[in-house]
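# Coordinate inspection notes
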Amino acid sequence: MPYVTVGTENDRDVKIYYEDHGSGMPVVLIHGYPLNSDSWERQEPELLGAGYRVIRYDRRGFGNSSRPTTGYDYDTFAADLNALLDQLRLDDVVLGGFSMGTGEVTRYLGTYGSARVRRAVLFGAIPPFLLKTDDNPEGVDGQVFEGIKAAIVKDRYAYFKDFLDNFYNVDKLAPDRISDQAWQASFNVAAGASPHATYACVDTWLTDFRADLPKIDVPVLVMHGTEDRILPFESTAKRLPALVENLKLIPVEGGPHNIGWTHPEKVNPALLEFLSDGGGPRAGLDRDLTAAAGAKS
């Protein structure tokens, strides 16, 4: 299996697992908590079919990647992403993140700049700053996150049951948009994650991205469910157009946190249109078809 080595712990390599499929403009996909890169399965075929190269990877502590007890902060997560781009010699890429993955995209652009990046996509965004403070009254009270950590310590499997019910808004969207089997598959992935990573990642949700956002100088697409119970729309995505130039926000009405699974009929066309606007494979195909039609006429 393909890996990139991103560090060591006690003289053992810390490795990030990735998959690399297709050809064309590269789209790098970064998953959300507590899943792995397979969670993009409703987007990957659409991207491949439209002529993109799709690279997706498992964050440290999740999926097939190493399970160290160090490096659970966004500076390290962004460095892991940068190591992957270096190893694969990727340029002119689209960075796409879901949930926690939107933090990697934001911190990467804030730290490393956009020399290698053409566009960015955020599903279920965690920026700008989730924690409620005196200068961030729109945030969420810190005791909420202390309660989450306590619940994980007490019984992380029980916590995942409650988390995933709200991740998919099961009470409203099952079984039409989230089947029992799909929910169970997510639970199985979450249960297989590193117990340490499960706990340590909670503190990363409180990362302040406000200094990173003004540095983003590529077009950005944000899609976010209006009924997101994990990262409330009002505290996150709704605030981003005022903080990032050239950002397009698409609220997904009635959407939960994982809109990529529950609302692909809305998410996927908007994603492909946004990438096509950037001169992607679909744009090239459309130009060829237009030229051919003109020649026939």
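Everything below is about the structure shown above.
## Quick look at the sheet that holds strand 3 (residues 26–30)
Within the open sheet, the eight strands sit side by side as 1-2-4-3-5-6-7-8. Their pairing is mixed. Strands with a single pairing partner mark the edges of an open sheet, and in this sheet they are strand 1 (3–9) and strand 8 (247–252). Adjacent strand axes in the sheet meet at a mean angle of 20° when their direction is disregarded. Note: strand 5 (residues 93–98) against strand 6 (residues 117–123), six bridges, orientation parallel. Of the residues in strand 6, the one forming a bridge with Gly-97 is Leu-122.

## Quick look at the pattern of salt bridges
Opposite charge on two side chains lets them pair, provided their charged atoms get close. Enumeration according to the criterion identifies 20 salt bridges in this entry. Where Arg-56 meets Asp-38, a salt bridge forms, and the shortest distance between an N and an O atom there is 3.0 Å. Taken together, the residues Arg-56 in strand 4 (residues 53–57) and Asp-38 in the loop between strand 3 and helix 1 (44–49) connect sequence positions 18 residues apart. Since its relative accessible area comes to 41%, Asp-38 is described here as partly exposed.

## Some details on the packing of aromatic side chains
Counted according to the given criterion, the structure contains 16 aromatic pairs. Ring geometry for Tyr-33 versus Trp-205: centroids 5.0 Å apart, planes at 85°, classification edge-to-face. Of this pair, Tyr-33 sits in the loop between strand 3 and helix 1 while Trp-205 sits in the loop between helix 7 (195–204) and strand 7 (220–225); the two residues are 172 residues apart in sequence, bridging distant segments of the chain. An identical accessibility class is assigned to Tyr-33 and Trp-205; each is buried. Here Tyr-159 and Phe-160 contribute two aromatic rings whose centre-to-centre distance is 5.9 Å and whose plane-to-plane angle is 45°, an arrangement assigned as tilted. Note on Phe-160: relative accessible area 0%, which makes it buried. Counting every residue linked through ring pairs, the aromatic cluster contains Tyr-33, Phe-62, Phe-98, Tyr-159, Phe-160, Phe-163, Phe-167, Tyr-168 and Trp-205.

## What to know about the packing of helix 4 (residues 142–167) against helix 6 (residues 180–191)
Contact geometry for helix 4 and helix 6: axes closest at 10 Å, N-to-C directions at 140°. Judged by the angle between their axes, helix 4 and helix 6 are oblique. Considering the relative orientation of helix 4 and helix 6, their crossing is right-handed. Contacts from Arg-156, Tyr-157, Phe-160, Lys-161, Leu-164 and Asp-165 in helix 4 reach Trp-183, Ser-186, Phe-187, Ala-190 and Ala-191 in helix 6.

## Examining the pairing of strand 4
Of all five residues making up strand 4, four are buried, and the element is well covered by its neighbours. As paired elements, strand 2 (residues 12–21) and strand 4 share four bridges and run antiparallel to each other. Opposite Glu-19, over in strand 4, you have Arg-56 as the bridge partner. In this structure, strand 3 lies alongside strand 4, joined through five bridges in parallel fashion. Bridge pairing in strand 4 links Val-28 to Ile-55.

## Quick look at helix 9 (residues 264–277)
Look at helix 9: 19 Å from first C-alpha to last across 14 residues, which is about the 20 Å you get at 1.5 Å a residue. For helix 9, the full list of buried residues reads Pro-264, Val-267, Asn-268, Ala-270, Leu-271, Leu-272, Phe-274, Leu-275 and Ser-276. Phi turns positive, to about 85°, at Gly-279, one or two residues after helix 9.

## Concerning unusual backbone geometry
A cis amide bond links Tyr-33 with the next residue in sequence, Pro-34, at an omega value of 0°. Omega for the bond connecting Pro-127 with Pro-128 falls within 30 degrees of zero, at 15°, which places this linkage in the cis form. With respect to the helices, strands and loops of the structure, Pro-128 is situated in the loop between strand 6 and helix 4. Phi at Asp-11 is positive, roughly 65°, even though this residue is not glycine. Phi is positive for Asn-246, which is not a glycine, with a value near 60°. Turning to its location among the elements, Asn-246 is positioned in the loop between strand 7 and strand 8. What makes Asn-246 exposed here is its relative accessible area of 55%.

Conventions and cut-offs
Residues numbered from 1 in each chain as written. Predicted model: local features only at pLDDT ≥ 70, side-chain atom pairs only at ≥ 80, totals over all residues. Heavy atoms only, no water. Pairing = 2+ DSSP bridges. Helix = DSSP H or I, 4+ residues; strand = E, 2+ residues; numbered from the N terminus. Axes fitted to C-alpha atoms, helices over the stretch in contact; angles between N-to-C directions. Salt bridge = Lys/Arg side-chain N within 4 Å of Asp/Glu carboxyl O. Buried < 20%, exposed > 50% of the residue type's maximum accessible area, 1.4 Å probe, protein only. Phe/Tyr/Trp six-rings, centres within 6.5 Å; stacked < 30°, edge-to-face > 60°. Parallel < 35°, antiparallel > 145°, perpendicular 65-115°, else oblique. Left-handed = near helix turned anticlockwise from the far one by under 90°. Contact = heavy atoms within 4.5 Å. Expected span 1.5 Å × (residues − 1).

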